[in-house]
Structures are given as structure tokens and as C-alpha cells.
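Summary of the model geometry
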Amino acid sequence: MATWSNLNYQNSASPLMEQIIFFHDHTLIILIMITILVAYLMVNLFFNNYINRFLLEGQMIELIWTILPAITLIFIALPSLRLLYLLDELNNPLITLKSIGHQWYWSYEYSDFNNIEFDSYMIQSNENLTNFRLLDVDNRIILPMNNQIRILVTATDVIHSWTIPSLGVKIDANPGRLNQTSFFINRPGIYYGQCSEICGANHSFMPIVIESISMKNFINW
């Protein structure tokens, strides 16, 4: 989960989130190179003594500074497109989880298991600090690790957003529309998220908690 002064992404718990972090680092390196080059050229322009009052055109330099940014954009666009297609890929999901956004809480359905249904409300943090303020819920989502999970998301009132940063999942819950995505949890743990839409006051107080456990424990649950 996110901690104080954490400037980077949260530690990934899924292969897709790893790819997102790799793409972020790749793009950031390109941006740093561009920033350094532009800053160097601007400083040079301010402090040199070269004057050419009769310069009207320079076709070669125009060609260079048109082609080089285009090539740079290709280096950003190709990994970005690959990642977009990976995020949309649905690969033989083992379990389908339905998530329905209500005003101030989420409800979940495990339709593969005799329609297990429950609501998930935020709980008050206690004095012993055994739970996290504004992040913990009374009923957590229990999912098995090392399995492909499909999630179907919708809402009953306004737009919500089902977001788990450490899994690389962010999908809008729109009333009257069913959106789907999938993820793969590759290690056990507890993963926190919140509704990240800004379409209503206090929407960030709709926490999401996933508890990733082994398949044996999941079947016992």
C-alpha cells in the first residue's frame, strides 16, 4: 500500500503492474533526456555571442528537429500500445467476481459459487491501530493467488471507479453499463484501493480490500 513520502509506484503484485512500472521508467528516462537537452540548448542560447541578423531559413535543421521528435514518439508509442493490448487481454479466467458500486459502499457477488453475496463498508479505525484509517472494510474480497481473475464492474447510482494500484487495475463503474477486466495476483497479501472518481464528495471513502490467499485456503473459505 502507499506510505508517506513514497514518490514511486507501490510494489507490484501482478505481472501487469510490473509492465506498467517498466513502461513508466522507460518513458521517464526519455523525458529526462529531452529535458536535459532542451535546458542545455536554452542556456547556450542565452549566454552565447553569436549573431546572425540575416538568417532566413535552415532547411537541414528544420528537417532534423522534425524527424528526431517523431522517432522519439515512436519509442514511447510502441511499448504503450503493447501495454494497452496486454491490459485488455482476457485469458481463461478461473473465477468471475462481480463488483457493484453503491453510494458509499461496494457490494460483491461470487456467481461461480452458489451466488455468494456481501456488502463491503468502510470501518472505523481503532485505537490499537490494527487497521488502516479510511482503507479497511468489514468484509474483504477473498481471492486465490496465481490464478486469472475476471471482474465485472457496474454501479447503481453514479459513476464510481474500482481501483487497486498494486494490481494495476482501474476500471470505471457506470450505471447501466457492465465493464470487465482481469488481473493475476502472484503473491499472497492484503491489497488496498479506493474509488478514485471525483463525481461526488467523499468518494475516496469507498475503500476496496483484497485478501490474496492460497487455493486450498480459498476453497476452505
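Predicted model, so just to flag it, every value in this text is computed and none were measured.

Examining the packing of aromatic side chains
- This model, assessed by the stated rule, comprises 5 aromatic pairs.
- For the ring pair Tyr110 and Phe218, a centre distance of 6.5 Å and an interplane angle of 40° mean the geometry is tilted. Taken together, the residues Tyr110 in strand E2 (residues 105-110) and Phe218 in helix H3 (residues 215-220) connect sequence positions 108 residues apart.
- On the basis of relative accessible area, Phe218 is assigned to the buried category, the value being 5%.

Here's the deal with the nonpolar core
- Judged by nonpolar contacts, the single largest core of 29 residues is most densely connected at Ile141, Trp162, Phe183 and Ile210.
- With 4 residues, strand E5 (residues 148-155) is the largest single contributor of residues to this core.
- When neighbours within four sequence positions are excluded, Phe183 is seen to be in contact with Leu143, Asn147, Gln148, Ile149, Ile151, Trp162, Leu167, Val169 and Ile210.

Considerations on the domain arrangement of the protein
- Looking at the assigned domains, one finds that the protein contains domain 1 (15-88) and domain 2 (95-220).
- Summarising the inter-unit geometry, the C-alpha centres of domain 1 and domain 2 are found 39 Å apart.
- Contact with domain 1, which involves 6 residues of that partner, is made by 8 residues of domain 2.
- Carbon and sulfur atoms supply 52% of the area buried between domain 1 and domain 2, which totals about 430 Å² over both sides.
- Linking domain 1 to domain 2 there are 0 salt bridges.
- Summed over the shared surface of domain 1 and domain 2, the number is 0 residue pairs in polar contact (both at pLDDT 80 or more).

A look at the sheet that holds strand E9 (residues 189-194)
- Strand order in the open sheet made by the 3 strands is E4-E10-E9, with mixed pairing throughout. At either margin of the open sheet sits one strand with a lone partner, and together these are strand E4 (141-144) and E9. Neighbour-to-neighbour, the strand axes of this sheet turn through a mean angle of 25°, independent of strand direction.
- When E9 meets strand E10 (residues 207-213), the two strands line up antiparallel, connected through 6 bridges. Following the sheet pairing, Gly193 is matched in E10 by Ile208.

Things to note about the packing of helix H1 (residues 15-47) against helix H2 (residues 59-88)
- Axis separation between H1 and H2 bottoms out at 11 Å; the angle between their running directions is 170°. The angle between H1 and H2 falls in the class roughly antiparallel. In this structure, H1 meets H2 at a crossing whose hand is left-handed. The residues of H2 that touch H1, namely those facing Leu16, Gln19, Ile20, Phe23, His26, Thr27, Ile30 and Ile34, are Thr72, Phe75, Ile76, Pro79, Ser80, Arg82, Leu83, Leu86 and Leu87.
- In terms of residue class, the contact of H1 with H2 is built from 11 nonpolar, 5 polar and 1 charged.

What to know about the pairing of E2
- Among the 6 residues of E2, 6 are classified as buried, and the element is accordingly described as predominantly covered.
- By the bridge criterion, 6 bridges tie strand E1 (residues 95-102) to E2 in an arrangement that is antiparallel. Bridge assignment links Lys98 to a residue of E2, and that residue is Glu109.
- Where E1 folds back on E2, the antiparallel hairpin that results is connected by 2 residues, among which Trp104 adopts a positive phi of roughly 80°.
- Of the strand pairs in this sheet, E2 and strand E3 (residues 116-120) are connected by 5 bridges, and their pairing is antiparallel. What sits directly across from Ser107, in E3, is Asp119.
- Counting the residues between successive antiparallel strands, the hairpin from E2 to E3 contains 5 residues, one of them, Asn114, with a positive phi of roughly 50°.

The rules we used
Residues numbered from 1 in each chain as written. Predicted model: local features only at pLDDT ≥ 70, side-chain atom pairs only at ≥ 80, totals over all residues. Heavy atoms only, no water. Phe/Tyr/Trp six-rings, centres within 6.5 Å; stacked < 30°, edge-to-face > 60°. Helix = DSSP H or I, 4+ residues; strand = E, 2+ residues; numbered from the N terminus. Buried < 20%, exposed > 50% of the residue type's maximum accessible area, 1.4 Å probe, protein only. Core = buried A, V, L, I, M, F, W, Y, C linked by side-chain atoms within 4.5 Å. Contact = heavy atoms within 4.5 Å. Domains from an automatic or database assignment. Buried area = accessible area lost by both parts, 1.4 Å probe. Salt bridge = Lys/Arg side-chain N within 4 Å of Asp/Glu carboxyl O. Polar contact = N/O pair within 3.5 Å; in protein donor to acceptor, adjacent residues only side chain to side chain. Pairing = 2+ DSSP bridges. Axes fitted to C-alpha atoms, helices over the stretch in contact; angles between N-to-C directions. Parallel < 35°, antiparallel > 145°, perpendicular 65-115°, else oblique. Left-handed = near helix turned anticlockwise from the far one by under 90°. Nonpolar A, V, L, I, M, F, W, Y, C, P; charged D, E, K, R; others polar.

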